[in-house]
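Reading the structure
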Amino acid sequence: MNDHDHGHPHEHHDHGGRAAGWWHRLTHVVVPHSHDSRTKIDPALESSRDGLRALWISLLGLGATAAAQAVIVVLSGSVALLGDTLHNVADALTAVPLAVAFLLGRRAATRAYTYGYGRAEDLAGIVIVLVIAGSAVAAAWTAVARLLHPADVSHLPWVAAAGLVGFIGNETVARYRIRVGRRIGSAALVADGLHARTDGYTSLAVVAAAGGAALGWRWADPVVGLVIAVAITVVLKDAAREVYRRLMDAVDPDLVDRAETTLRAVPGVQDVTAVRLRWIGHRLHAEADLVVDADLSLLAAHEIAADAEHQLTHAVPRLTTATVHTDPDSHPGGHHHTDLSHRRRQAAH
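As a starting point, this report considers the structure included with it. Source: prediction; values computed, not measured.

This next bit is on the sheet that holds strand β2 (residues 283-292). The mixed open sheet is built from 3 strands, whose spatial order is β1-β2-β3. The sheet terminates laterally at β1 (271-280) and β3 (319-328), the two strands that pair on one side only. The average undirected angle you get between the axes of adjacent strands in this sheet is 15°. Examined bridge by bridge, β1 and β2 share 9 bridges and lie antiparallel to one another. Within the sheet, the bridge partner assigned to Arg-278 lies in β2 and is His-285.

Dropping the structure here:
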């Protein structure tokens, strides 16, 4: 057997010439794809692909926006535009640790990391929060320095144009990141999108600063720079809360309600004594304790648990794995387990 067997015809790699082959190799690096021969793509793998695609596209968009603004900063000396440019650069760079986290999350579980590497995504969320905080401090520091040492701003029409470009670029990237992040369940990607959205509004503030400078208000540019720093701090709070909740295994209570309702509807389930959900990266894992008839055979109880697990993965979005435990109705609930274990040990002796 060929060691590079992909499970699909070899013509898949014939992309019509050298240029097309170069593009294929580039996209293979940027957005890796699965060579699994299964006809159904794994949803968790597909969500990682979507997340990586969103990151690379937004990185290119924000990088181009920041580069254009940096040129105007050098020409004009605008502190407000400098703050906005710093924020755009920071937002673009946050794609790097998040992309690394998405790639790590695709690795298979090991004996040491039995749940896989999905938590790398939550750690990347911490990096994003720190980068947002750094850009807020840098913007505030520069604005205060300009207030203490006023200076004129030149090339005002270009400054205003750069602000408009920043708003359009950031709002486009923000909508894309937030939409993909919510669809695949990535709190870090949503936080990154919120970061980009605030960049868009601060870019509009740059336009206001240019207008104030045109009227001769030398204080307008540094004051708007301070306003931008405050706006960055507000989005910092929202992003930090989002990442904190994910690190603390918080989930939407509606998901727990949906899981319980689904489990109670499974034939053979008499009661649901516990349901726990937790995020591992942008994937959900569930644990549930069910009560079934004590007279059921082991096989029948296993079938109920398997059915319950399968129904959960259909009912709860982004749920990829579930562990279902069945208790007989004569001993419902986990509090019986300790007594049962002691009783068995005593009987064995």
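Its place among the elements puts Asp-289 in strand β2. Not counting residues within four places of it along the chain, the set of residues in contact with Asp-289 comprises Asp-271, Val-272, Thr-273, Ala-274, Arg-276 and His-325.

On inspection of all chains with the given rule, the structure shows 9 salt bridges. Note that Arg-119 is salt-bridged to Asp-249, the shortest N-O span being 2.5 Å. Here Asp-249 lies in the loop between α8 (220-247) and α9 (253-264) and Arg-119 lies in helix α5 (residues 119-148), a separation of 130 residues in the sequence. For Arg-119, a relative accessible area of 27% puts it in the partly exposed group. In this structure, Arg-276 engages Asp-289 in a salt bridge whose closest nitrogen and oxygen atoms are separated by 3.9 Å. Of the two residues, Arg-276 is situated in strand β1 and Asp-289 in strand β2; the sequence distance between them amounts to 13 residues. Look at the salt bridges and you will find they share partners, linking Arg-119, Asp-122, Asp-249 and Arg-278 into a network.

Right, let's get into helix α4 (residues 95-105). Taken together, the buried positions of α4 are Ala-95, Leu-98, Ala-99, Ala-101, Phe-102 and Gly-105. Down the axis of α4, the buried set is contained in an arc of 160°. They therefore lie on one face.

Another aspect to go through is the nonpolar core. One recurring pattern in soluble globular proteins is that nonpolar side chains are buried together. Leu-55, Leu-81, Leu-98, Ile-132 and Leu-189 are the most contacted members of the largest nonpolar core, which has 39 residues in total. Of all the elements in the fold, those that place two or more residues in this core are α2 (43-76), α4, α5, α6 (156-184), α7 (187-214) and α8. In terms of residues, this core owes the most to one element, α8, which gives 8 residues. Not counting the four nearest positions on each side in its chain, Ile-132 is found in contact with His-195, Ile-232, Val-235, Leu-236 and Ala-239. Ala-259, Ala-305, Leu-312 and Ala-322 belong to the second largest nonpolar core, which has 24 residues in total.

What counts and how
- Residues numbered from 1 in each chain as written.
- Predicted model: local features only at pLDDT ≥ 70, side-chain atom pairs only at ≥ 80, totals over all residues.
- Heavy atoms only, no water.
- Pairing = 2+ DSSP bridges.
- Helix = DSSP H or I, 4+ residues; strand = E, 2+ residues; numbered from the N terminus.
- Axes fitted to C-alpha atoms, helices over the stretch in contact; angles between N-to-C directions.
- Contact = heavy atoms within 4.5 Å.
- Salt bridge = Lys/Arg side-chain N within 4 Å of Asp/Glu carboxyl O.
- Buried < 20%, exposed > 50% of the residue type's maximum accessible area, 1.4 Å probe, protein only.
- Arc of directions from axis to C-beta.
- Core = buried A, V, L, I, M, F, W, Y, C linked by side-chain atoms within 4.5 Å.

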